[in-house]
Amino acid sequence: MASVRDLKKDINFVLGDIIEAVYQWEASTGNKDSKKGSELIDGAINAFDELMDKVHSKDVDNVKEHYKSVRVDLEKKATDLIEKLNKLNA
C-alpha cells in the first residue's frame, strides 16, 4: 500500500495541476479572473479540503479501505473538474 504521505502528495499535485490548467486557460483566452475559472478553482480548493479532512480522519475501522476510498474520491472529483475545464475550452 502506498504511504499516507504519497496520498497527500497525489491530492496536492492533482488538484494543483487542475488549478494551474485553469490559470493557463484564462491567460490563453484573455479571460483573466473569469467567473467560471474562479468557480473551478474554488471547486478544486473545496475538494482538497474535503479529501484532506478524510485523510486525517481518525475514526475509521479499516484504514486500508479508507485510504482506497479517498483515492477513488480524488479520481472522481478530479475527473469532474477536468470535464468542466474541457467544456470551457470547447
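Now for a quick tour of the structure. All figures in this text were calculated on a predicted structure; none of them were measured in a lab.

## Comments concerning helix H1 (residues 4–29)
Taking 1.5 Å of rise per residue, the 26 residues of H1 would be expected to cover 38 Å, and the 38 Å separating its terminal C-alpha atoms lies within 8% of that figure. Of all the positions in H1, only Leu7, Ile11, Leu15, Ile18, Ile19, Val22, Trp25 and Glu26 are classed as buried. Taken together, the buried residues of H1 touch helix H2 (35–55) and helix H3 (63–89). Immediately beyond the C-terminal end of H1, within one or two residues, lies Gly30, with a positive phi of roughly 75°.

## Section: the nonpolar core
Core analysis: the largest hydrophobic core is formed by 21 residues, its most contacted members being Ile11 and Leu15. Taken together, the elements giving at least two residues each to this core come down to H1, H2 and H3.

## Observations regarding the pattern of salt bridges
Summed over the entire model, instances satisfying the criterion amount to four salt bridges. Of the charged contacts in the structure, one is a salt bridge between Lys77 and Glu50, with a shortest N-O distance of 2.8 Å. Within this pair, whereas Lys77 is found in helix H3, its partner Glu50 is found in helix H2, the two being separated by 27 residues in sequence. Given the relative accessible area of 39%, Glu50 is considered partly exposed.

## Looking at the packing of H2 against H3
Following both chains from N to C, one finds H2 and H3 inclined at 180°, their axes separated by 10 Å at the closest point. Here H3 runs roughly antiparallel to H2, going by the angle between their axes. Here H2 contributes Lys36, Leu40, Gly43, Ala44, Ala47, Glu50, Leu51, Lys54 and Val55 to the contact with H3, which in turn contributes His66, Tyr67, Val70, Asp73, Leu74, Lys77, Leu81, Lys84, Leu85 and Leu88. Of the residues assigned to the contact of H2 with H3, the class counts are 11 nonpolar, two polar and six charged.

Thresholds, definitions, all that
- Residues numbered from 1 in each chain as written.
- Predicted model: local features only at pLDDT ≥ 70, side-chain atom pairs only at ≥ 80, totals over all residues.
- Heavy atoms only, no water.
- Helix = DSSP H or I, 4+ residues; strand = E, 2+ residues; numbered from the N terminus.
- Expected span 1.5 Å × (residues − 1).
- Buried < 20%, exposed > 50% of the residue type's maximum accessible area, 1.4 Å probe, protein only.
- Contact = heavy atoms within 4.5 Å.
- Core = buried A, V, L, I, M, F, W, Y, C linked by side-chain atoms within 4.5 Å.
- Salt bridge = Lys/Arg side-chain N within 4 Å of Asp/Glu carboxyl O.
- Axes fitted to C-alpha atoms, helices over the stretch in contact; angles between N-to-C directions.
- Parallel < 35°, antiparallel > 145°, perpendicular 65-115°, else oblique.
- Nonpolar A, V, L, I, M, F, W, Y, C, P; charged D, E, K, R; others polar.

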